[in-house]
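Structural features, examined
Single-letter residue listing:
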Number of protein chains: 2
Amino acid sequence: VTDLSALGEFGLIERFTRLLSAHPDVVVGVGDDCAVLRCGGSHWLVSCDASLEGVHFRRESAAPEAIGWKAMASALSDIAAMGGKARFALVTLACPPDTDVAWLDALFQGLSAAAASCGAVIVGGDTTRSASGVVLDVTVIGEPLGGRWLTRAGARAGDAVAVTGYPGRSAAGLLALEYSHDAPVLIEAHLHPVPRFAEGQWLAEQTGAHALIDMSDGLLQDAGHVAEAAGLGLDIDPGRLPMARELEKARAWLPGDPAALILGGGEDYELIVALERDAAPALCAEFERRFGLPLTIVGTFEEAGGVRVGGRGYDAAGFDHFKG
Amino acid sequence: VTDLSALGEFGLIERFTRLLSAHPDVVVGVGDDCAVLRCGGSHWLVSCDASLEGVHFRRESAAPEAIGWKAMASALSDIAAMGGKARFALVTLACPPDTDVAWLDALFQGLSAAAASCGAVIVGGDTTRSASGVVLDVTVIGEPLGGRWLTRAGARAGDAVAVTGYPGRSAAGLLALEYSHDAPVLIEAHLHPVPRFAEGQWLAEQTGAHALIDMSDGLLQDAGHVAEAAGLGLDIDPGRLPMARELEKARAWLPGDPAALILGGGEDYELIVALERDAAPALCAEFERRFGLPLTIVGTFEEAGGVRVGGRGYDAAGFDHFKG
């Protein structure tokens, strides 16, 4: 292995992680949605998330307000994915000297609005020149409620794979934008994702919930991370995928099966939770009653067998930043 | 003002800062070296610092280990600049898919070594593809010792401007590298700056020390930030600048007066402190006794008059990322 496209994003992270040493105040380190750090008698959740022009967004196809919103929301979602509460954010911004100031104002409005909508306060950051393209890196700090959080590493064989809301809408919204289809709900899901804070906090309180992650890379890939963290496999039942009404309607113009977008489309920031099998139906019902949003059992974590759909291996591909 | 090159880095920060709201747990917000955040009964210091290829470093002229070291050290220096103790770091790395893995290993060794040398633990981050060029953003978390920290905003008229060590060596080291001069001490100062943690912590304990900042942009510009934060001016005595022996020797090949590098050269990460006038000489003597390093009085904070050298206005220029 000599270059990064062969090693891949997760290979790189694993390579770096091997070099890190443990520390008693690092309760959860590299490899989960957030690090969990001991701070005096309490704990903090910390994460960062980068958004680069030409990789994560294009100035031609997204308004600056939406670019800012999404950069902040995707970072904050990592706190929701541990069941935490958002507290603070820092924003690093690199951009070329000829960047339009009105564009930057709108970008910052989007960053601020997303932070405020999650109860987070922007407290600092860094600004610098870039040779080309805008780079955003958002660091977020949160706290667990009641001293509890859920990592991605707690699933047990037999647990149900459950997912909040209607994933796949963001990926469909991107296609709607690219091909100029009139699909405002899907486009809004793509441009202004809303981290599932209340939902994550409630799930972290349930003893029947064993592991939690947010969907940034797609259902199969992110559920696969949960399985891998516990040394398990998983099987998704394609007949149980929650299908948004707008996604069903989009069959008319989508180039393929909408189910592929639910399985492989990222950036919805819905949550995937591993639920104790016997408790799962009641937890899903209570979740829907509380949040007016479905929590749908879509499959099962199993002893082994990798990531499967309907019992068969599935080339999820998902998204690897370096394998492309 | 329509583009960033007219507004400048500090104009941009001011523009963003106006949009931010206060929060009781944000004890110090945007505008200082670190934000100070209340966390339960204690406080945390948080900051981030970006390093971009082609702006902050070049792969052709610096080894990856040195690039990683400097990115980490410059971020951690912001904690030293409040008198804090380094605890944790997160690293965001964006790079092209064809980046050499051995190069990345060495980069990470540099990041790790600098963190370890300051007592910080790397606990997370983000990795992603970039369209071109390597981007590093390092977030650092520290804590104040004994609940005390020094901001840049506490200088009083009449206070002495004092500086640790021998600034100007890093800028001279960069010139030595670019023009292939044999100046190992200067080059080492440029490639492997060492944040002044013990020194900053001791200064933060002294009641005669009123304000503290680290020198990332140069003596005049950074001392100017301290003056500005207190609504003051300052005058530097050019006859009192601490001149490193190696910088004196470099007169033979330097294109100009070494004093210009002390006044305007950045990236030394020495500390500038505002000292109560009457207490200053004893504090400097005690500092030198403890640390084997000079703390030199180089000027005075005054009621007004902007930034001056020998009583006259000086076009510090310093470095503005956008004005270039």
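For the structure itself, look to the data block above.
Below is a summary of the structure that appears in this document. Fair warning: this is a prediction, and the values are worked out from it, not measured in the lab.

**Focus on the pairing of strand β6 (residues 135-144) of chain A**
Residues and elements named next belong to chain A.
- Counting buried positions along β6 yields nine of 10 residues, so the element is predominantly enclosed.
- Here eight bridges tie strand β3 (residues 42-52) to β6, and the two strands are oriented antiparallel to one another. The residue bridging serine 47 from the neighbouring strand is valine 140, located in β6.
- Where strand β4 (residues 84-95) and β6 come together, 10 bridges link them in antiparallel fashion. By the bridge assignment, threonine 92 is partnered in β6 with aspartate 137.

**Quick notes on the side chain of Thr296(B)**
Residues and elements named next belong to chain B.
- One can find threonine 296 in strand β11 (residues 295-302).
- Judged by its relative accessible area of 18%, threonine 296 falls in the buried class.
- In this structure, threonine 296 is in contact with Val161, Ala162, Val163, Arg240 and Pro242, ignoring residues within four places of it in sequence.

**Describing the environment of Gly146(A)**
Residue and element names in this part refer to chain A.
- In this fold, glycine 146 is placed in the loop between β6 and β7 (160-164).
- Exposure remark for glycine 146: the relative accessible area of 78% places this residue in the exposed category.
- Sequence-wise, glycine 146 and methionine 243 are 97 residues apart; in three dimensions their C-alpha atoms are separated by 34 Å.

**What to know about unusual backbone geometry**
- With phi around 70 degrees, Glu267(A) is a residue other than glycine that occupies positive phi space.
- Summarising the element assignment, Glu267(A) is placed in the loop between α9 (258-264) and β10 (271-275).
- A relative accessible area of 23% places Glu267(A) in the partly exposed class.
- Non-glycine residue Ser180(B) carries a positive phi angle of around 55 degrees.
- Within the secondary structure, Ser180(B) sits in the loop between α4 (169-178) and α5 (184-191).
- Among the residues examined, Ser180(B) registers a relative accessible area of 66% and is labelled exposed.

**Topic: the packing of helix α6 (residues 197-205) of chain B against helix α10 (residues 280-291) of chain B**
Residue and element names in this part refer to chain B.
- Between α6 and α10, whose axes approach to 11 Å, the crossing angle comes to 145 degrees. Considering only the axes of α6 and α10, their crossing is right-handed. Between α6 and α10, the residues in contact are Ala198, Glu199, Trp202 and Leu203 and Leu283, Glu286, Phe287, Arg290 and Phe291, respectively.
- In the contact of α6 with α10, the residues fall into six nonpolar, no polar and three charged.

**Section: the pattern of salt bridges**
- One pass over the full model with this rule turns up 34 salt bridges over all chains.
- A salt bridge links Asp25(A) to Arg87(B), with the nearest nitrogen and oxygen atoms 2.4 Å apart. With Asp25(A) in the loop between α1 (4-17) and β1 (26-28) and Arg87(B) in strand β4 (residues 84-95), this residue pair bridges two chains.
- One salt bridge connects Glu302(A) with Arg308(A), and the closest N-O pair in it is separated by 2.7 Å.
- Salt bridges sharing partners connect three or more residues here, namely Asp25(A), Arg38(A), Arg87(B) and Glu143(B).

**Overview of the sheet that holds strand β9 (residues 233-236) of chain B**
All names here are of chain B.
- Taken in spatial order, the seven strands line up as β8-β10-β7-β11-β9-β12-β13 in an open sheet, and their pairing is mixed. Edge positions in the open sheet fall to β8 (209-214) and β13 (312-313), since each of these has one partner strand only.
- Judged from the five bridges that link them, β8 and strand β10 (residues 271-275) form a sheet pairing that is antiparallel. If you follow alanine 209 over to β10, its bridge partner there is leucine 275.
- Relative to β10, α6 is tilted by about 15 degrees, and along the sheet it contacts β8, β10 and β11.
- Relative to the sheet, α10 contacts β7 (160-164), β10 and β11, its axis offset from that of β11 by approximately 155 degrees.

**A word on the environment of Thr92(B)**
- With respect to the helices and strands, the residue Thr92(B) is situated in strand β4.
- On the accessibility criterion, Thr92(B) (2% relative accessible area) is buried.
- Spatially, the C-alpha atom of Thr92(B) lies 8.4 Å from that of Gly124(B), the residues being 32 residues apart in sequence.
- Side-chain polar atoms of Thr92(B) contact the side chain of Asp137(A), separated by 2.9 Å.

**Considering the relation of the copies chain A and chain B**
- When chain A is brought onto chain B, the operation consists of a screw motion whose angular component is 180 degrees and whose axial shift is 0.0 Å, with 0.0 Å RMSD remaining. The symmetry that links the two subunits is that of a two-fold axis.
- Same-surface contact between copies: 100% of interface residues of chain A are shared with the interface of chain B.

**A short note on the interface of chain A and chain B**
- Each side of the interface is counted separately: chain A has 68 residues, and chain B has 68 residues.
- When chain A packs against chain B, close to 5800 Å² is buried across both sides, 68% of that on carbon and sulfur atoms.
- On the surface where chain A and chain B come into contact, there are four salt bridges.
- Linking chain A with chain B are 21 residue pairs in polar contact (both at pLDDT 80 or more), by the criterion used here.
- For the side of chain A that touches chain B, the secondary-structure elements that each account for two or more residues are α1, β2 (35-39), β3, β4, α3 (101-117), β5 (121-129) and β6 of chain A.
- Looking at which element gives the most residues to the side of chain A that touches chain B, the answer is β5(A), with nine residues.
- Partitioning the side of chain A that touches chain B into residue classes produces 36 nonpolar, 19 polar and 13 charged.

What counts and what doesn't
Residues numbered from 1 in each chain as written. Chains lettered and ligands numbered in written order. Predicted model: local features only at pLDDT ≥ 70, side-chain atom pairs only at ≥ 80, totals over all residues. Heavy atoms only, no water. Buried < 20%, exposed > 50% of the residue type's maximum accessible area, 1.4 Å probe, protein only. Helix = DSSP H or I, 4+ residues; strand = E, 2+ residues; numbered from the N terminus. Pairing = 2+ DSSP bridges. Contact = heavy atoms within 4.5 Å. Axes fitted to C-alpha atoms, helices over the stretch in contact; angles between N-to-C directions. Left-handed = near helix turned anticlockwise from the far one by under 90°. Nonpolar A, V, L, I, M, F, W, Y, C, P; charged D, E, K, R; others polar. Salt bridge = Lys/Arg side-chain N within 4 Å of Asp/Glu carboxyl O. Polar contact = N/O pair within 3.5 Å; in protein donor to acceptor, adjacent residues only side chain to side chain. Least-squares fit on C-alpha atoms with pLDDT ≥ 70 in both. Buried area = accessible area lost by both parts, 1.4 Å probe.

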